[in-house]
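Fold and contact review
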Amino acid sequence: MATKRTAHAGYTVPGLTLQDGHKVAALLQSRLHALNDLQLTLKHAHWNVVGRDFISVHEMLDPQIEKVRAMVDETAERVATLGVSPNGLPGALVATRTWDDYSIGRAHTSAHLAALDVVYSGFLKSHRKTLAEVGPLDPITEDMLIGQCAQLELFQWFMRAHLEDDDGELVNAGAKTERAAANKAK
Ligand SMILES: [Fe+2]
């Protein structure tokens, strides 16, 4: 007997229509790509920071990367649970993402911290947008994304705590790009 292979299963989680389950999975797929991109970007920064504060920033990033990798796994498995094939491949990520590669190479810790603050801001805004979209459809997926946002907002504060001036303002305030943020933090 021939085996039929499709990207979608013929089921989703109980209590959701097939259409809604697959719609939530499609929304999660874009966050799966974003999370994969984030863990690679954080590792890139981990390898490329230099300066007097090297070891503290270098070592601060690894636990964040581990947590983001765990989010990648739970997000992909939620997509599969909803009845859709998760795509974790780099070609698909690059083909569908709406942002560019992280733009900072070997640079001072302050430059990376300021640029990563911009990365986290962009990521978290999009994550909250998806959270708001899936909320009315699936509270279980909403709950997962709430937990991820809370953890990632904490990690962004770790960056920001390094970037405050004596008045409590961020030295990279107003910077829209990673490069502009890095320049302001010099
Ligand atoms: Fe390492």
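Here, the structure is the one placed above.
Residues numbered from 1 in each chain as written. Predicted model: local features only at pLDDT ≥ 70, side-chain atom pairs only at ≥ 80, totals over all residues. Heavy atoms only, no water.

**Thoughts on the overall build of the chain**
A tally of helices and strands in the chain yields 6 helices and 2 strands. In sequence order, the chain lays out its α and β elements as α-β-α-α-β-α-α-α. With the C-alpha coordinates aligned to their principal axes, the bounding extent of the chain is approximately 65 × 35 × 25 Å. Just so you have it, the chain exposes about 10,300 Å², and 55% of that area is on carbon and sulfur atoms. Across the chain, the 19 positively charged side chains and the 23 negatively charged ones have centroids separated by 6 Å. (Helix = DSSP H or I, 4+ residues; strand = E, 2+ residues; numbered from the N terminus. Areas by Shrake-Rupley, 256 points an atom, 1.4 Å probe, with all protein chains shown as cover. Lys, Arg positive; Asp, Glu negative; His and termini not counted. Charge placed at Lys NZ, Arg CZ, Asp CG, Glu CD.)

**Examining the packing of aromatic side chains**
In the structure shown here, the tally under the stated rule is 2 aromatic pairs. Ring geometry for Phe-155 versus Phe-158: centroids 5.9 Å apart, planes at 55 degrees, classification tilted. In this pair, Phe-155 and Phe-158 both sit in helix H5 (residues 139–161), 3 residues apart, roughly one turn of the helix. Relative accessible area serves as the criterion here: at 27%, Phe-158 is assigned to the partly exposed category. (Phe/Tyr/Trp six-rings, centres within 6.5 Å; stacked < 30°, edge-to-face > 60°. Buried < 20%, exposed > 50% of the residue type's maximum accessible area, 1.4 Å probe, protein only.)

**Brief notes about the nonpolar core**
Grouped together as the largest cluster of nonpolar side chains are 51 residues, with contacts concentrated most on Leu-38, Leu-42, Leu-61, Leu-116, Tyr-120 and Leu-152. Counting only elements with at least two residues in this core, the list comes to helix H1 (18–48), helix H2 (54–81), helix H4 (109–134), H5 and helix H6 (178–184). For this core, the element with the most residues is H4, which contributes 12 residues. Tyr-120 has contacts with Leu-38, Leu-42, Gln-64, Leu-152, Phe-155, Gln-156 and Met-159, leaving out every residue within four places of it along the chain. (Core = buried A, V, L, I, M, F, W, Y, C linked by side-chain atoms within 4.5 Å. Contact = heavy atoms within 4.5 Å.)

**Considerations on the pattern of salt bridges**
Inspection of every chain in the model, using the stated rule, returns 7 salt bridges. Residue Asp-62 pairs with Lys-43 through a salt bridge whose shortest N-O separation is 2.6 Å. With a gap of 19 residues between them, Asp-62 in helix H2 and Lys-43 in helix H1 connect regions that are remote in the sequence. A residue is classified by how much of its surface remains accessible, and Asp-62, at 25% relative accessible area, is partly exposed. Arg-160 is the salt-bridge partner of Asp-117, the closest N and O atoms lying 2.8 Å from each other. Here Arg-160 lies in helix H5 and Asp-117 lies in helix H4, a separation of 43 residues in the sequence. Among the residues examined, Asp-117 registers a relative accessible area of 4% and is labelled buried. Put simply, Asp-37, Arg-97 and Asp-101 are held in one network by salt bridges that share partners. (Salt bridge = Lys/Arg side-chain N within 4 Å of Asp/Glu carboxyl O.)

**Quick look at the environment of Glu-178**
Structurally, the position occupied by Glu-178 is in helix H6. Among the residues examined, Glu-178 registers a relative accessible area of 15% and is labelled buried. A sequence separation of 154 residues divides Glu-178 from Val-24, and the C-alpha atoms of the two residues are 31 Å apart. With residues up to four places along the chain from it excluded, the contact list for Glu-178 reads Asp-101, Tyr-102, Ser-103, Ile-104, Ala-115, Val-118 and Val-119. Here Ser-103 takes part through its backbone nitrogen, which lies 2.8 Å from a polar atom of the side chain of Glu-178. (Polar contact = N/O pair within 3.5 Å; in protein donor to acceptor, adjacent residues only side chain to side chain.)

**Comments concerning the side chain of His-22**
Considering the arrangement of structural elements, one finds His-22 in helix H1. In contact with His-22, other than residues within four places in its own chain, are His-8, Ala-9, Tyr-11, Leu-82, Gly-83 and Val-84.

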